[in-house]
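# A closer look at the structure
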Amino acid sequence: MRDVAVIGIGMTEFGEIWEKSFRELVAEAGIKAIMDAGIEGEEIDALYIGGMSTGRFIGQEHVGSLAVEVAGLEDLHIPSTRVEAACASGGVAMHQGYLAVASGMYDIVVVGGAEKMTDVVGGEATNILASAADREWEAFFGATFPGLYALMAKYHMHKYGTTQEQLAMVAVKNHYNGSLNPKAQFKRRISVEDVLKSPMVADPLHLLDCSPISDGAAAAVLAPLEIAKKYTDKPIKISASIQATDTLSLHGRKRFDALPAAQHAAKLAYEKADIKPKDVDVAEVHDCFTIAEIIAIEDLGFVEKGKGGKATEEGLTALDGEIPVNTSGGLKAKGHPVGATGVAQINEIVLQLRGEAGERQVKEAEIGLAHNVGGSGGTAVVHILEVI
Amino acid sequence: MRDVAVIGIGMTEFGEIWEKSFRELVAEAGIKAIMDAGIEGEEIDALYIGGMSTGRFIGQEHVGSLAVEVAGLEDLHIPSTRVEAACASGGVAMHQGYLAVASGMYDIVVVGGAEKMTDVVGGEATNILASAADREWEAFFGATFPGLYALMAKYHMHKYGTTQEQLAMVAVKNHYNGSLNPKAQFKRRISVEDVLKSPMVADPLHLLDCSPISDGAAAAVLAPLEIAKKYTDKPIKISASIQATDTLSLHGRKRFDALPAAQHAAKLAYEKADIKPKDVDVAEVHDCFTIAEIIAIEDLGFVEKGKGGKATEEGLTALDGEIPVNTSGGLKAKGHPVGATGVAQINEIVLQLRGEAGERQVKEAEIGLAHNVGGSGGTAVVHILEVI
Amino acid sequence: MGVPRYWREIPSRYNLIGKKCGVCGKIYFPPRSICPTCRRKSAGKMEDYKLDGKGTVESFTIIRVPPPEFEGKSPYAIALIKMDEGCYLTGQIVDCNLDDIHIGMRVEACFRRIQEDGKRGAIYYGYKFRSLKS
Amino acid sequence: MGVPRYWREIPSRYNLIGKKCGVCGKIYFPPRSICPTCRRKSAGKMEDYKLDGKGTVESFTIIRVPPPEFEGKSPYAIALIKMDEGCYLTGQIVDCNLDDIHIGMRVEACFRRIQEDGKRGAIYYGYKFRSLKS
Ligand SMILES: [Zn+2]
Ligand SMILES: [Zn+2]
C-alpha cells in the first residue's frame, strides 16, 4: 500500500443548470480537474464515476462508458467504472479510485461524480430518492427519504433534548457559508425563523432543513504521493479512505441515534491517519438534512453523542469555530446532486488545504475530513486529507 | 500483484422467477457461493455487486447495502460496492473484485451480480435496455438495443457475406447447450427454421436471435491463490482479468464489424495469461444477439475477422467442436438477467474447469475464457481462468 | 414506477410471518434468509415465525410531502416500531388523531389498503398500526 | 420515462451544428467538448461547425418492435450514416419504401417530428434522413 495524493480538482456550479446536459456537466468537471492536475489524457490509467440514479433521472445507465466518450479517451480503452451507493456514490468512487492507486494497480486515476436531477417532474424526484432506502419494506408503506431522517430527528430530540432551533442553526450556518461560495446553489443567508416558518416536509423537518434537488458534477485526479510533486506544488495527501456499510433499512440498524457505518468508518479512518477527531481543522459532512449534520459531528467524534445540537448552537462548527463544518455550504446550501456530492466534498477540502477557499478560507487548515453517506446510513465513506 | 483464485460459485436458476424477489435471488446465489467456498461470514473482506438498472426494474438503487443486509453481514460494516456497466455489470464486478484481491488489499471478496427484469410491463423493458446505449443520440431517434446489434449484423453480412442461417446456427447451438443445463431459462432445442420463422425484431435479427428478459443472480468467492487450497481442492486460477471501454454510442466507434474494447481486452488478457486464443478449451461469450457471438469469436481471435459465421456453421464452437462456446446455453438460452450475466459466465467456466458441468462437460477443459459486453460495446471485460 | 408484480404478493405483508433463527432463536421481521449473528450456521435453519402484531413506537414522523404513490393521502404518520418479539419495522399509524401519536405508544397491527395503482387498477394491501387499548 | 427537459432543446438536433477541433481540424457530430485525438490541447478550442447534412448509409435496420415512445410508428428504418464531413451518426430514413434502403445509399438530412409525449403534450423535433436525388 502506497500513499495517494489528490493532484487536481474540478467541479461545475451546482444548482438547476437547465442549459447543460449530464454529459456536459461531466465533461466540464473532468476537463477542469485534468487541467488543474496538468496531466495528459494518455497518462490516465482508469476512471471511476459515481452516479446514483442516472437510469431514472436521465434514462441513461452505462455512464462509465459515457464518461470515456465525453473525455475523448475511447482510443485508450481504459477501464471506466460507474459505482453507485445512493447519495454516497461519489464517496465510493473516491474510495475505489484511492484503492486502485494505493494498491499500485494504477498511477493516475480520475474520479468523477455527477447527477442531473432537475429534469424530472414533480413527485418523481421524491420517488427516485426513495430508491436509496428499502423500497419493499420502507418506501412501500409510505416512508419518504426525508421521512426516514425525520424518524432519526424525532428520536434524537426525544433522547437528547435536541431542539428544532438547533436543527435550524445547521441550515443557517450552511447557508451563510454557501453565500461565500460562488459555486453554491443557494447564496442567500437565512435565519432560524426562516427555517421554522418554511413548510413542514416530515415533522420535525421543514423544507429548509432539507438539501435541494440539484444538477452538478465534480472530479478529482489521484496519483501516488511519490510522483505527485511532478504535477503540482500543492499535492494533498489522502491519509485515510474508508468505506463501510450497514443495513439498507433504517429499522434494521442497531441504533437510531447514530449511523453505525459512519462511526465505524470514522474510527478506522482516524486509526489509519493516526489522528484524533480534535486534530481535524475543517470538515465536509453529509448534511442531506440538518439532523444528519448533528448526528455526523457526533459520529465523527467532534462532540459526544447527543451533544451535536448544543455544539452547533454554541458555534463549534461555524466558519470561525473550533472545527468549521461544511464551509462549502454543505449539501444544504451548496446543493446536492447526489452522485457528485462525495467528490465535491473532496474538492472543498482540497481548496481549504491548499489555502484557495477565498472568503470562506479556514486559517491554517492542515487536516481536513469528508464524510459522505448513502441512503439513511446503509453506506458511509470517510476520507481524511492532509497538507504535506 | 498476486494471483487470485475462484474458491466458490453459486447461482440461481435463470428465467421468469415470479415467486422470488431481487433480494431473495441475491441471497440464494450468495449463500450458495459462500457454502461452496466453505468460508465464514467473518472472513469476508468486501463485496462487489453488479446490477444494471435496478433503479428502473425494481425501483431500488443502493443494492450494495442491500446485499450486505441480505447476507447478514451488517455488523461487520465491510465495504460493499455496486458497479454498473449495463450488460457488463457482472463482469465489471468480477474485475473490481479481482483487483481488490490481486492488489493485496483484501483476502476474501464475494462478487455478485443480479437483475430482476420480468416485473416491469411490456415495452418498459425495451426502454430500460436502451439506457445501455446513448439515450440522447441513439435511443432518442428511435434506435432500440436490438436495433444497434442489427446495424452491426447488417454491416457484417454486407462486408463478409455472413448469412441469416449462420446467425440462426448460433441460437440453435446455444439452445442445444441450454437443454443440458438445469439452470437455463430455455431447455427447448430449436432449429434454424424455427429461428428464421420467428417474428422479425430488427432486420436481420429475429426474435430467436435475441436473448430473453430474465431474472437471476450469480456469485463467486475470490481469494489469493496462495491460500485458496485451504478452502477447496479445486481452486480455479484467474490468470487474467481485463476491463476495457469504448464510446457509449455505436456511431462513435472506429469500426462496426468488431467491438474494439473487446479486442483490446482480449489482447491484454492473452498477454497477461501468456496464452494464445487456440489454447482456450472452453469459452462463455456475450451472445446477447446471435451476431454478437459471431463478432465475439472473431474479436477473441478464435477465428479471423469475418469468418465467424462460417466457423459457427462448421461447428468450431459446438459442444464437441474445437473451442466449445457458450456451453451453458449462453445469454441466448441460459437467460440474460443483465447484471448477473458476467458472474454467471464465471460460474460456467469454473464448473467446466472443475469437471462438474454434467452432461455438457467439455473433456479435459483446462483453460476457460469469459467475455462480457456492456451496451453495444462501450464496455468489455475478458477473464481467463485456469486449472492449477 | 409501479409496484413490481412480486410485491403485491409478499405474504409477510398480510400475515406478519417473519423468521426465527434455528440456531440462536432470535426473531426477524422483515424476514431474512440468514441470521446476522449466526450467519452460515443459520443457512437453511431460518424457520417461519408469526409475529403477534403488538409493538411500541420507537420514533415517528408525519409525512406532509408524500411521494406520487401517496398523493392525496398526506398528512399521514410513519413510525419505527419495536415489535414485542424484539425486531423493528416501519409502518403507518392510523385510526387516531395525529397529535396523539407519541414515542412509547403501544400499537397493534391491522390490515389495510396501502397503495393503489390507478393505471393498472391494482390495490396493494399490508399492515398498518393502530393504538393498542389494553 | 419522459424525455428530459434539456433534450427538447438540444439545438444540434435542429441545426446539425457539430464541433471542429481547432487543433487538428477534424469534425465531430454529435458535438464533443474534447477532441479524442488532441485531447487536452483541444480543450476550449472546439469550434461550432455546421454539417452540410449529406451522407451515406453505412448500415441500416428496420425496427419492428419499437420502444414505448415509438409505439404505432413501426416498422421504421434506423441507419448508421457517415456524413460527408467524416463523422457518423444514427438516424431514421424516411420518405421512401423501406425495401429501397441499402448500404451505400446517399441521403440528406431533413427536419421532422421525432417523438411525442402524450402525457406532457410535448413534441420533439430533430433530424431524419431521406434519399438524396443527385
Ligand atoms: Zn441466529
Ligand atoms: Zn483534434
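Anyway, here's the lowdown on the structure attached to this text. Keep in mind that what you see is a predicted model, and the values were worked out from it rather than measured.

## Quick word on the overall build of chain C
- Along the backbone of chain C there are 1 helix and 8 strands.
- Listed by position from the N terminus, the elements making up chain C come as α-β-β-β-β-β-β-β-β.
- Considering only C-alpha atoms, chain C reaches an extent of 45 × 40 × 20 Å along its principal axes.
- Across the 134 residues that make up chain C, the buried fraction comes to 50%.
- Taking contacts inside chain C between residues at least 6 apart in sequence as the whole, the part at least 24 apart equals 48%.
- One finds the centroid of the 24 positive side-chain charges in chain C at a distance of 7 Å from the centroid of its 15 negative side-chain charges.

## Details of the overall build of chain A
- Helices and strands together make up the secondary structure of chain A, namely 14 helices and 11 strands.
- Its C-alpha atoms give chain A a radius of gyration of 19 Å, near enough to 21 Å, the size a compact globule of 388 residues would have.
- With the C-alpha coordinates of chain A rotated into their principal frame, the extents come out at 55 × 45 × 40 Å.
- Scored against the burial criterion, the 388 residues of chain A give a buried share of 74%.
- With an accessible surface of roughly 10200 Å², chain A has 51% of that area assigned to carbon and sulfur atoms.
- In chain A, 35 side chains carry a positive charge and 53 a negative one; their mean positions are 4 Å apart.

## Here's the deal with the coordination of the zinc ion (ligand 2)
Residue and element names in this part refer to chain D.
- Summarising the metal site, the zinc ion (ligand 2) is bound by the protein donors Cys21 (SG), Cys24 (SG), Cys35 (SG) and Cys38 (SG), whose distances to it range over 2.2 to 2.3 Å.
- Classification of the site at the zinc ion (ligand 2) as tetrahedral follows from its 4 donor atoms and the range of 109 to 111° in their angles at the metal.
- Within one chain, the residues donating to the zinc ion (ligand 2) are spaced in sequence as C-x2-C-x10-C-x2-C. Within this pair, whereas Cys24 is found in the loop between strand E1 (17-21) and strand E2 (27-28), its partner Cys38 is found in the loop between E2 and strand E3 (46-50), the two being separated by 14 residues in sequence.
- The exposure class assigned to Cys24 is partly exposed, which follows from its relative accessible area of 39%.
- Using a relative accessible area of 9% as the deciding quantity, one classes Cys38 as buried.

## Here we look at the arrangement of the chains
- There are 5 pairs of chains in contact here; the most contacts are made by chains A and B.
- One finds no contact linking chain C with chain D; the least C-alpha distance across the pair is 9 Å.

## Observations concerning unusual backbone geometry
- That bond from Phe29 of chain C to Pro30 of chain C is cis: its omega, -5°, falls within 30 degrees of zero.
- Among the structural elements, Pro30 of chain C can be located in the loop between strand E2 (27-28) and strand E3 (46-50).
- Geometrically, the link from Ser74 of chain D to Pro75 of chain D is a cis peptide bond, its omega value of 0° lying close to zero.
- By the secondary structure assignment, Pro75 of chain D is in the loop between strand E4 (54-63) and strand E5 (76-83).
- Even without being glycine, Asp274 of chain A reaches a positive phi, approximately 55°.
- Within the fold, Asp274 of chain A resides in the loop between helix H10 (260-273) and strand E9 (282-284).
- Of note, the phi angle at Glu364 of chain A is positive, near 50°, even though the residue is not glycine.
- Within the element layout of this structure, Glu364 of chain A appears in the loop between helix H14 (338-354) and strand E10 (367-374).

## Notes on the coordination of the zinc ion (ligand 1)
Residues and elements named next belong to chain C.
- For the zinc ion (ligand 1), the protein coordination sphere consists of Cys21 (SG), Cys24 (SG), Cys35 (SG) and Cys38 (SG), at 2.2 to 2.4 Å.
- Note that the zinc ion (ligand 1) binds 4 donor atoms; their angles at the metal cover 107 to 111°, and the shape is tetrahedral.
- Between consecutive donor residues of the zinc ion (ligand 1), the sequence gaps follow C-x2-C-x10-C-x2-C. Taken together, the positions of Cys24 in the loop between strand E1 (17-21) and E2 and Cys35 in the loop between E2 and E3 put the pair 11 residues apart, joining distant regions of the chain.
- What makes Cys35 buried here is its relative accessible area of 0%.

## Observations regarding the interface of chain D and chain B
- Every contact between the two is made by 36 residues of chain D and, on the other side, 28 residues of chain B.
- Linking chain D to chain B there are 1 salt bridge.
- Its salt-bridge partner being Arg64 of chain D, residue Asp203 of chain B comes within 2.8 Å of it at the nearest N-O pair.
- Among the elements of the structure, helix H1 (12-15), E4, E5, strand E6 (88-93), strand E7 (106-117) and strand E8 (122-131) of chain D are those that each provide at least two residues to the side of chain D that touches chain B.
- When residues in the side of chain D that touches chain B are grouped by element, the largest group, 6 residues, is from E4 of chain D.
- Each residue belonging to the side of chain D that touches chain B can be placed in one class, and the counts come to 26 nonpolar, 6 polar and 4 charged.

## With respect to the pairing of strand E8 (residues 236-245) of chain B
Residues and elements named next belong to chain B.
- E8 sits mainly inside the fold: 9 of its 10 residues count as buried.
- Inspection of the sheet shows strand E1 (residues 4-11) paired to E8 by 3 bridges, in the antiparallel sense. Looking across to E8, one finds that Val4 is bridged to Ile238.
- Sheet analysis places E8 next to strand E11 (residues 379-387), joined by 9 bridges and oriented antiparallel. In the sheet register, Ile242 faces E11, and the bridge partner there is Val382.

## A few points about the packing of helix H6 (residues 145-160) of chain B against helix H11 (residues 290-299) of chain B
Residues and elements named next belong to chain B.
- Two elements in contact, H6 and H11, have axes separated by 9 Å at closest approach and are oriented at 60°. Relative to H11, the element H6 is oriented oblique. As for the relative orientation of H6 and H11, their crossing is left-handed in sense. The segment H6 lies against H11, with Tyr149, Met152, Ala153 and His156 engaging Ile291, Ala292, Ile294, Ile295 and Glu298.
- Each residue belonging to the contact of H6 with H11 can be placed in one class, and the counts come to 7 nonpolar, 1 polar and 1 charged.

## Quick notes on the packing of aromatic side chains
- Under the defined criterion, the tally for this structure stands at 26 aromatic pairs over all chains.
- With 6.0 Å between their ring centres and 55° between their planes, Phe145 of chain A and Phe289 of chain A make a pair best called tilted. Of this pair, Phe145 of chain A sits in helix H6 (residues 145-160) while Phe289 of chain A sits in the loop between E9 and helix H11 (290-299), and the two are 144 residues apart along the sequence. The two residues Phe145 of chain A and Phe289 of chain A agree in class, both being buried.
- When the ring of Tyr149 of chain B is compared with that of Phe289 of chain B, the centres are 5.0 Å apart and the planes differ by 35°; the resulting orientation is tilted. Separated by 140 residues along the polypeptide, Tyr149 of chain B in helix H6 and Phe289 of chain B in the loop between strand E9 (282-284) and H11 bring together distant segments of the chain. Residue Tyr149 of chain B shares its accessibility class with Phe289 of chain B, and that shared class is buried.

## Here's the deal with H6 of chain A
Residue and element names in this part refer to chain A.
- If you check H6, its first and last C-alpha atoms are 23 Å apart, about what 16 residues at 1.5 Å a residue would give, namely 22 Å.
- All of the buried residues in H6 are Phe145, Pro146, Gly147, Leu148, Tyr149, Ala150, Leu151, Met152, Ala153, Tyr155, His156 and Met157.
- Structurally, the start of H6 carries an N-cap: the backbone nitrogen of Gly147 is 3.0 Å from a side-chain oxygen of Thr144.
- The first or second residue beyond H6 is Gly161, which carries a positive phi of 75°.

## Comments concerning the pattern of salt bridges
- Scanning all chains against the criterion turns up 75 salt bridges over all chains.
- We note a salt bridge from Lys305 of chain A to Glu298 of chain A, for which the minimum N-O separation is 2.9 Å.
- For Glu298 of chain A, a relative accessible area of 5% translates into the label buried.
- For Lys267 of chain B, the salt bridge identified is with Glu271 of chain B, shortest N-O distance 3.2 Å. Note that Lys267 of chain B and Glu271 of chain B are positioned in helix H10 (residues 260-273) at a spacing of 4 residues, about one turn of the helix.
- Several salt bridges share partner residues, and in doing so they unite Asp36, Lys234, Arg354 and Glu356 of chain A into one network.

## Side note on the relation of the copies chain A and chain B
- The two copies are related by a screw motion: chain A maps onto chain B through a turn of 180° and a shift of 0.0 Å along the axis, at an RMSD of 0.0 Å. The symmetry that links the two subunits is that of a two-fold axis. Measuring from the rotation axis to each C-alpha of chain A, the shortest distance belongs to Val83 of chain A, at 2.2 Å.
- Both copies contact each other with a shared surface, as 100% of the interface residues of chain A are interface residues in chain B too.

## Examining the sheet that holds E1 of chain D
Residues and elements named next belong to chain D.
- Strands sit in the order E2-E1-E3 across an open sheet of 3 strands; the sheet is antiparallel. Among the strands making up the open sheet, the edge pair consists of E2 and E3.
- Strand direction decides the pairing type here: E1 and E2, joined by 2 bridges, are antiparallel. When the sheet's bridge partners are listed, Lys20 is paired in E2 with Ile27.

## Remarks on the sheet that holds E1 of chain C
- With respect to topology, 3 strands assemble into an open sheet ordered E2-E1-E3 (chain C), the strand pairing being antiparallel. The sheet is open, and its two edges are formed by E2 and E3 of chain C, each paired on a single side.

Here is what the cut-offs are and how they apply
- Residues numbered from 1 in each chain as written.
- Chains lettered and ligands numbered in written order.
- Predicted model: local features only at pLDDT ≥ 70, side-chain atom pairs only at ≥ 80, totals over all residues.
- Heavy atoms only, no water.
- Helix = DSSP H or I, 4+ residues; strand = E, 2+ residues; numbered from the N terminus.
- Buried < 20%, exposed > 50% of the residue type's maximum accessible area, 1.4 Å probe, protein only.
- Contact = heavy atoms within 4.5 Å.
- Lys, Arg positive; Asp, Glu negative; His and termini not counted.
- Charge placed at Lys NZ, Arg CZ, Asp CG, Glu CD.
- Rg over C-alpha atoms; globule rule 2.2 N^0.38 Å.
- Areas by Shrake-Rupley, 256 points an atom, 1.4 Å probe, with all protein chains shown as cover.
- Donors = N, O, S within 2.8 Å, 3.2 Å for Na, K, Ca; no water.
- Tetrahedral: all angles 85-135°; square planar, octahedral: opposite > 155°, others 65-115°.
- Salt bridge = Lys/Arg side-chain N within 4 Å of Asp/Glu carboxyl O.
- Nonpolar A, V, L, I, M, F, W, Y, C, P; charged D, E, K, R; others polar.
- Pairing = 2+ DSSP bridges.
- Axes fitted to C-alpha atoms, helices over the stretch in contact; angles between N-to-C directions.
- Parallel < 35°, antiparallel > 145°, perpendicular 65-115°, else oblique.
- Left-handed = near helix turned anticlockwise from the far one by under 90°.
- Phe/Tyr/Trp six-rings, centres within 6.5 Å; stacked < 30°, edge-to-face > 60°.
- Expected span 1.5 Å × (residues − 1).
- Polar contact = N/O pair within 3.5 Å; in protein donor to acceptor, adjacent residues only side chain to side chain.
- Least-squares fit on C-alpha atoms with pLDDT ≥ 70 in both.

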